[in-house]
Amino acid sequence: MKKTLAKAFIIRAISVFSLIVLVVLQIVSGGGFGIRCLLADFIICSSVLMIYPLSYEDAGKSIPFASGLSVLGAVMSLCPFFYGNECLLGMLVSLSVTVMYAIYRACSKYDNVRTLFRLDSVWCAVEDYSRASYQLLLCLIGVSALTACRYEAPAWVFIFHLIMLTAFYGAQYYRAYTGRTLFIGSRREKSIKEIMRGNLRSMPDSAGTDEQLNAVYSKVIKYMETKKPYLVDGFSIDDLASAVFTNKVYLSKAINYFSGRNYRQFINYYRISYATELMRKDRNIKIVELAMTCGFHSVVTFNMAFKLYMNMTPTAYYGVLATKDVLPSNSQGQWRLTPSLSF
């Protein structure tokens, strides 16, 4: 995780560093620095941010594209042959690199069909659409800037384009830094991420959903949180259906619809959540005791479920607690269970 974040930081750093270097090179090269050069710089550096990896992409594969685009921008700034054509060439080079990157990422994504059937597929789709929309917006701004250069537009037109590109660059840097898409509302993003990460909602949204499913799921959540039936080994879907006065087919549909999980995954989420609470309160509890207390019939199944949701073994989790390392947390400050979604 730390390596991924470090690689992603490198791409953001390349973007900022390139913007500074390009401006400096154009000033000291003697080719004449003006607003057109600055427009080209922002187009290039914004394109670097378009190469920023999405949550499901390997950041290491984005670095060569970002570095190559940055180097090409520097070459154009230093070579006298390109003087006066910075905006045109910057746009063409940026578009070429980003298009090649988009094709490369699309081929990589669809190379393995299994990776498309993931619990976080909805969030991945939102990220894909948002990046495509921003690439289209950058192209439109770039084409407009090229038109202004071609027909020698008034100075205020170039200033307007510079303001748009500055705002665009700032928004894309914020998007890369925070992980937001800025494509849908923050509340909707939070809802998607909560379901994706397994943070089940205490009360599901009723808009656009079956009211009966809504009512059943609400009863299930209340029953799980108050009675803690998941601590009983062998607690079945029939038992839960009887407790909330419904049939298991309808219950299974409600759980799957609102949580994105099947019954076994739903129950294990609560069990592992309870286990982590016990481990934080008492670090001397043995793993076999934890497994039995939390409703697992064996240590093997407990270890498998724990690693699935926490991305580490119970022993490793104890080690993290012992060294007082900080694990990822959600906005409420609770320890987050993040299931492994790889196949």
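Residues numbered from 1 in each chain as written. Predicted model: local features only at pLDDT ≥ 70, side-chain atom pairs only at ≥ 80, totals over all residues. Heavy atoms only, no water.

1. A few points about the overall build of the protein
When you go through the protein residue by residue, the secondary structure sums to 14 helices and 0 strands. Going from the N terminus to the C terminus, the protein shows its helices and strands as α-α-α-α-α-α-α-α-α-α-α-α-α-α. Here the protein holds 343 residues, and 43% of them are scored as buried. For the protein, the share of sequence-separated contacts (at least 6 apart) that also reach a separation of at least 24 residues comes to 69%. Carbon and sulfur atoms make up 63% of the accessible area of the protein, which totals about 18,200 Å². (Helix = DSSP H or I, 4+ residues; strand = E, 2+ residues; numbered from the N terminus. Buried < 20%, exposed > 50% of the residue type's maximum accessible area, 1.4 Å probe, protein only. Contact = heavy atoms within 4.5 Å. Areas by Shrake-Rupley, 256 points an atom, 1.4 Å probe, with all protein chains shown as cover.)

2. Here we look at the environment of Gln212
Here Gln212 is to be found in helix α8 (residues 211-227). The spacing of Gln212 and Tyr250 is 38 residues in sequence and 9.4 Å in space, taken between C-alpha atoms.

3. Side note on a nonpolar patch on the surface
A cluster of nonpolar side chains, Val16, Ile20, Val24, Ile27 and Val28, forms an exposed patch at the surface whose accessible area comes to about 440 Å². Checked against the element boundaries, Ile27 lands in helix α1 (residues 2-28). (Patch = residues over 30% accessible without salt bridge, like charges linked within 9 Å, V, L, I, M, F, W, Y side chains within 5 Å. Salt bridge = Lys/Arg side-chain N within 4 Å of Asp/Glu carboxyl O.)

4. Observations concerning the side chain of Glu189
Along the chain, Glu189 falls in helix α7 (residues 186-197). On the basis of relative accessible area, Glu189 is assigned to the buried category, the value being 2%.

5. What about the environment of Ser94?
Within the secondary structure layout, Ser94 lies in helix α4 (residues 86-111). Judged by relative accessible area, which is 1%, Ser94 ranks as buried. For the pair formed by Ser94 and Ile44, sequence separation is 50 residues and the distance between their alpha carbons is 5.6 Å.

6. A word on the packing of α8 against helix α10 (residues 248-259)
What describes two packed helices is the angle between their axes and the distance between those same axes. It is at 9 Å that the axes of α8 and α10 come closest, and there the two elements cross at 85°. The orientation of α8 relative to α10 falls into the category roughly perpendicular. Across the interface between the two elements, Gln212, Leu213, Asn214, Val216, Tyr217 and Val220 of α8 pack against Tyr250, Leu251, Lys253, Ala254, Ile255, Phe258 and Ser259 of α10. For the contact of α8 with α10, the per-class residue count stands at 9 nonpolar, 3 polar and 1 charged. (Axes fitted to C-alpha atoms, helices over the stretch in contact; angles between N-to-C directions. Parallel < 35°, antiparallel > 145°, perpendicular 65-115°, else oblique. Nonpolar A, V, L, I, M, F, W, Y, C, P; charged D, E, K, R; others polar.)

7. Quick word on the confidence of the model for the protein
For the protein, per-residue confidence averages 77 on the pLDDT scale, and residues scoring 70 or more make up 78% of the total. Across the protein, the element-wise mean pLDDT spans from 72 in α7 up to 90 in helix α6 (residues 155-178). Contacts from residues 326-336, a stretch scored under 50 in pLDDT, to residues over four places away or in other chains number 20 contacts. Across residues 338-343, where pLDDT falls below 50, the model places 20 contacts with residues more than four positions away in sequence or in other chains. (pLDDT = per-residue confidence, 0-100.)

8. Quick word on the packing of aromatic side chains
Each pair of aromatic rings is reported with the distance of its centres and the angle of its planes. For the structure on display, the rule yields 14 aromatic pairs. Ring geometry for Phe65 and Tyr101: centres 5.2 Å apart, planes at 75°, overall edge-to-face. Of this pair, Phe65 sits in helix α3 (residues 63-78) while Tyr101 sits in helix α4; the two residues are 36 residues apart in sequence, bridging distant segments of the chain. Classification of Tyr101 by relative accessible area gives buried; the value is 0%. When the centroid spacing of 4.9 Å and the interplanar angle of 75° are considered together, the rings of Tyr257 and Phe258 count as edge-to-face. By relative accessible area, Tyr257 is classed as partly exposed at 45%. The class for Phe258 is buried, based on a relative accessible area of 2%. Taken together, the ring pairs connect Tyr217, Tyr230, Tyr257, Phe258, Phe266, Tyr269, Tyr270, Tyr274 and Tyr309 into an aromatic cluster. (Phe/Tyr/Trp six-rings, centres within 6.5 Å; stacked < 30°, edge-to-face > 60°.)

9. Describing the nonpolar core
With 41 residues, the main nonpolar core has Leu240, Leu251 and Phe266 as its most contacted residues. At the level of elements, α8, α9 (237-243), α10, α11 (263-281), α12 (287-293), α13 (299-310) and α14 (314-322) are the ones that each hand at least two residues to this core. If you look at the next biggest cluster of nonpolar residues, it comprises 40 residues, including Leu138, Ile141, Leu162 and Tyr169. (Core = buried A, V, L, I, M, F, W, Y, C linked by side-chain atoms within 4.5 Å.)

10. Quick notes on α8
An ideal rise of 1.5 Å per residue puts 24 Å on 17 residues; α8 measures up with 24 Å between its terminal C-alpha atoms. Within the span of α8, buried status applies to Leu213, Asn214, Val216, Tyr217, Ser218, Val220, Ile221 and Met224. The inward-facing, buried residues of α8 contact α9, α10 and α11. The first or second residue beyond α8 is Lys228, which carries a positive phi of 50°. (Expected span 1.5 Å × (residues − 1).)

11. Brief notes about the side chain of Ser47
Counting through the fold element by element, Ser47 comes out in helix α2 (residues 35-50). From its side chain, Ser47 meets the backbone oxygen of Ile43 in a polar contact 2.8 Å long. Not counting residues within four places of it along the chain, the set of residues in contact with Ser47 comprises Leu69, Ser94, Thr98 and Leu138. (Polar contact = N/O pair within 3.5 Å; in protein donor to acceptor, adjacent residues only side chain to side chain.)

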